[in-house]
Amino acid sequence: RTVTPAWILAQFKHSSFRHQEPTLDQCWTGLAHPSQKRKAAPDTRNKGGGWIQKSRNLHEFAPVTVVKASSVDNPMILRIHQAKKKRIQSQQSSSSGGDSVGVVKNPPLCNRGRNEGISNMLKQLSNLHLECPLGTMDHWRAYHYGLMAGRVKQLDFEIVDERVLPRLQHIQGFGDSIRNKIKEYLQTGTCQKIKELERDPYRKAVQSMIKIWSIGPIKGKELVELGYRTIRDVRKGLSRGELDGLSANAKIGIDCYEDFEERMSRSEVSQIGDIVIRTCRQVLPGAEATIMGSYRRGLPNCGDIDVLILHPDFVETTPKGALGRLIRMLHQSGHMLHDLTSVDGMTAGGNGTELQSESDDSVFHSRSSEIEGQGETSMGLQKYGHYHGSSSYMGVFASPTDAGKRRRIDIKIYPYQERAFASMYFTGNGDFNRSMRLWSSKARGMTLNDHGLFPNGTDFANGKESVDKLKGASLPAATEEDIFELLGLEYRAPSERDSFDAIVEKSTSQPVAIVELDKGEIHHEMKHIWID
DNA sequence: CGGCAGCGCAC
DNA sequence: GTGCGC
DNA sequence: GCCG
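This structure is a prediction, so every number in the text was calculated from the model and none was measured.

Looking at this structure, I do not really get the packing of helix α5 (residues 116-131) against helix α6 (residues 136-153). What am I missing?
Geometry of a packed helix pair, given as the angle between the helix axes and the separation of the axes. In the contact formed by α5 and α6, the axes pass within 8 Å of each other and the chain directions differ by 160°. Here α6 runs roughly antiparallel to α5, going by the angle between their axes. The element α5 and its partner α6 pack so that their crossing is left-handed. Where α5 abuts α6, its residues I118, S119, L122, K123, L125, S126, H129 and L130 lie against D138, R141, A142, Y145, G146, M148, A149, V152 and K153. Residue composition of the contact of α5 with α6, by class: nine nonpolar, four polar and four charged.

Would you mind showing me how to read the sheet that holds strand β9 (residues 336-339) here?
Sheet strands pair by backbone hydrogen bonding; their relative direction is either parallel or antiparallel. Pairing is mixed in the open sheet, where five strands are placed in the order β5-β7-β12-β11-β9. At either end of the open sheet lies a strand with only one pairing partner, and these are β5 (288-291) and β9. Going across the sheet, the axis of each strand differs from the next one's by a mean of 30°, ignoring polarity. Pairing of strand β11 (residues 391-398) with strand β12 (residues 406-413), which is carried by eight bridges, proceeds in the antiparallel orientation. For Y393, the partnering residue across the bridge sits in β12 and is I411. Across the sheet, helix α13 (residues 248-255) lies against β9, β11 and β12, angled at about 140° from β9, the strand it touches most.

Help me understand unusual backbone geometry, please; the structure alone is not making it clear to me.
Leaving glycine out, the prevailing phi sign among residues is negative, and the prevailing peptide bond configuration is trans. Residues G428 and N429 are joined by a peptide bond in cis, for which omega reads 0°. For S214, which is not glycine, the phi dihedral falls at a positive 85°. With respect to the helices, strands and loops of the structure, S214 is situated in the loop between α10 (201-210) and α11 (217-225).

So what exactly am I meant to see when it comes to the protein's contact with DNA strand C here?
By nearness alone, every residue bordering DNA strand C is listed as I212, W213, S214, I215, G216, P217, I218, K219, R408, D410 and Y425. Taking W213, its side chain carries an N or O atom lying 3.1 Å from a phosphate oxygen of DNA strand C. Among the elements of the structure, α11 and β12 are those that each provide at least two residues to the surface near DNA strand C. Among the elements that take part in the surface near DNA strand C, α11 stands out by supplying three residues, more than any other. A breakdown of the residues in the surface near DNA strand C according to their chemical character gives six nonpolar, two polar and three charged.

What am I meant to see in the environment of I178 here?
Note on placement: I178 falls in helix α8 (residues 176-188). Classification of I178 by relative accessible area gives buried; the value is 5%. In this structure, the C-alpha to C-alpha distance between I178 and L226, residues 48 residues apart in sequence, is 35 Å. I178 has contacts with L122, H144, Y145, M148 and G173, leaving out every residue within four places of it along the chain.

How do you make sense of the pattern of salt bridges when you look at a structure like this?
Side-chain pairs of opposite charge can arise whenever the charged atoms involved come near each other. Under the criterion given, the structure shown has 22 salt bridges. Linking R141 and D138 is a salt bridge whose minimum nitrogen-to-oxygen distance equals 2.9 Å. Here D138 and R141 lie together in helix α6, a separation of three residues that amounts to about one turn. Among the residues examined, R141 registers a relative accessible area of 42% and is labelled partly exposed. Here E222 makes a salt bridge to K219, at a shortest N to O gap of 3.5 Å. Here E222 pairs with K219, and both are found in helix α11, just three residues apart, close to one helical turn. Residue K219 is classed as partly exposed on the basis of its relative accessible area of 35%.

What is the right way to read the side chain of R497 from this model?
Positionally, R497 belongs in the loop between α20 (480-487) and β15 (512-514). On the basis of relative accessibility, which here comes to 0%, the residue R497 falls in the buried class. Within the structure, R497 has its side chain in polar contact with the backbone oxygen of R492 (distance 2.8 Å). Leaving out residues up to four positions away in the same chain, R497 has contacts with R296, R297, M424, T427, G428, N429, F432, E480, F484, Y491, R492 and A502.

For this particular structure, what's the right way to read the UniProt feature "active site" (unreviewed entry) in chain A?
Per the UniProt annotation, the sites labelled "active site" (unreviewed entry) are K181. With respect to the helices and strands, K181 occurs in helix α8. Sequence-distant contacts of K181, that is, excluding residues within four places in its chain, are made with M121, L125, Y145, C191 and K193.

Explain the packing of aromatic side chains here, please?
By convention here, two paired aromatic rings are described through the distance between centres and the angle between planes. By the definition in use, this model includes five aromatic pairs. Arranged with centres 6.3 Å apart and planes meeting at 5°, the rings of Y425 and F426 form a pair that is stacked. Pairwise contacts between aromatic rings join W140, Y143 and F500 into one cluster. Sitting over the face of the ring of F157, R167 holds its NZ or CZ atom 4.3 Å from the ring centroid. The residue whose ring lies beneath R266 is Y295, and the NZ or CZ to ring-centre distance is 4.1 Å.

Explain helix α17 (residues 322-332) to me, please; I cannot follow it from the model alone.
Owing to its 3.6 residues per turn, the α-helix aligns residues three or four sequence positions apart on the same side. Taken residue by residue, α17 has A322, L323, G324, L326, I327 and L330 as its buried positions. Where α17 is buried, its residues contact α15 (266-283), β7 (305-310), β8 (318-319), β9, β11 and β12. Trailing α17 by a residue or two, G334 shows a phi angle of about 85°, which is positive.

Could you clarify how one ought to interpret the nonpolar core in this entry?
Among soluble globular proteins, nonpolar side chains are generally buried collectively. One finds V276, L284, I309, L323 and I411 to be the most contacted residues of the largest nonpolar core, which totals 33 residues. Every element with two or more residues in this core is listed here: α15, β5, β7, α17, β11 and β12. When residues in this core are grouped by element, the largest group, seven residues, is from α15. Beyond its immediate sequence surroundings of up to four residues, L284 is in contact with I309, H311, P319, A322, L381, Y384 and I413. Among the nonpolar cores identified, the runner-up in size contains 25 residues, and L147, A149, L155 and L165 belong to it.

So what exactly am I meant to see when it comes to the packing of α5 against helix α9 (residues 192-199) here?
For the pair α5 and α9, the least separation of the axes is 10 Å and the interaxial angle reads 30°. Judged by the inter-axis angle, α5 sits roughly parallel to α9. In the packing of α5 onto α9, the handedness of the crossing is left-handed. Of the residues in α9, those in contact with M121, Q124, L125, L128 and H129 of α5 are K193, I194, L197 and E198. Class assignment for the residues of the contact of α5 with α9 results in five nonpolar, two polar and two charged.

Scoring rules and cut-offs
- Residues numbered from 1 in each chain as written.
- Chains lettered and ligands numbered in written order.
- Predicted model: local features only at pLDDT ≥ 70, side-chain atom pairs only at ≥ 80, totals over all residues.
- Heavy atoms only, no water.
- Axes fitted to C-alpha atoms, helices over the stretch in contact; angles between N-to-C directions.
- Helix = DSSP H or I, 4+ residues; strand = E, 2+ residues; numbered from the N terminus.
- Parallel < 35°, antiparallel > 145°, perpendicular 65-115°, else oblique.
- Left-handed = near helix turned anticlockwise from the far one by under 90°.
- Contact = heavy atoms within 4.5 Å.
- Nonpolar A, V, L, I, M, F, W, Y, C, P; charged D, E, K, R; others polar.
- Pairing = 2+ DSSP bridges.
- Near = heavy atom within 4 Å.
- Polar contact = N/O pair within 3.5 Å; in protein donor to acceptor, adjacent residues only side chain to side chain.
- Buried < 20%, exposed > 50% of the residue type's maximum accessible area, 1.4 Å probe, protein only.
- Salt bridge = Lys/Arg side-chain N within 4 Å of Asp/Glu carboxyl O.
- UniProt positions renumbered as here; feature names shortened; annotations may be inferred.
- Phe/Tyr/Trp six-rings, centres within 6.5 Å; stacked < 30°, edge-to-face > 60°.
- Lys NZ or Arg CZ within 6 Å of the ring centre and 35° of its normal.
- Core = buried A, V, L, I, M, F, W, Y, C linked by side-chain atoms within 4.5 Å.

Right, dumping it as structure tokens:
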């Protein structure tokens, strides 16, 4: 199964295609652009950490052996490449074979706008199944429809005639069902399935329940079976005391139902961000706080706001209780209205010991388990101890621009050494992250998450606590670019990370790097990287 | 027929 | 462990 | 819903 349809995007390279980087304000963050930020990165502080300072050749630091795909003794990798070769061949033969009827060849646009009608239809189908998954089947239907909605947009031809269908057959992901729906769309301009799903009153009711934040398919179905059909019903039930069993978060979700549906302008997001960032600097001098998510990807409007906090003095740890202090201050200033999660240090006191929301049985290195340690070098940081791991907060923020409106906000703090991975994850989008992680695991044999990139076979990847911390360590990356490099992928700017297919192997003709791990080898490499 | 990312928090 | 969200 |  090919994760990366490089063969689709490759066609763009030989055309007049040029990606126009949007000049939207603040689409940039130092995390992503090594050329500008690298010099400033305080790698030198981390004497014990040994961070790589610049992007280097994979072999220089990664415990990775490079093997020709054809000689790899790994059935998964083999299958991926054989399937890919087959598709490329059939693609070539079908395009040279004069079956260009029904195809309008256009110079590719900037990755969007093509086949928009069909894409929208598939997106609708995805949403209808996503918002109302009545069985577990629907979840994956929605997933696949969503992927294909993205993929039709990246084709190098416009689908205007059903004679193009045989050609679609060669493109991965377009099976019978989807091709038939495209056929129907070409003939009638609509899709009966969509109409049918939209008509279904049960689905419709579940759908409106699911739109309540913290209500998913299970609780949604429950509510509908209890007789609730609309948000009004639910509110009525709540006031009558029929729904006391709902979680605290569900009550907030019900209260903010309309507000959470709405999207914000970039300027509102940036103003909220300023408030959070300013407060953050007061609470934690020297902190680097950045707005992530769709804002960083440059979208014209955003559904929520994501803020990532880092501090260069906390390389392997995070300042204990700092996130809680920040939240507390935002509450006091009236900006933060509700908490959807609790965080250490959030309630009074402020030394970060009163709330034990983080469990001690967490298994992984660099995640949990408090360590002793005081004494910061910087004056303002003296109040903070070290917490071994990241923490995240979800809450509800009062709009500074639209009085009375309530906005979803996520704030996360990570150890500085995880900054590249955290910013990748927090930038998204969701499909892009899933694609990247699938690629990591299936093509590279590594596990990617917001904390690092872990060669499979290590203790981390096996979900075990490491006695020897080195065995659980991530491959190091100081910038997002390094992560792409480690995975052998073309770099993608945040604004380009907009789909599952936005991931492209660095040079398709080059050998494929896969991980051939040996426990001792990993240990040795890690030692080299982290201590040397 | 199994897989489709990988994780943290609330309950 | 399940449900939910990111 | 599609793939292997």
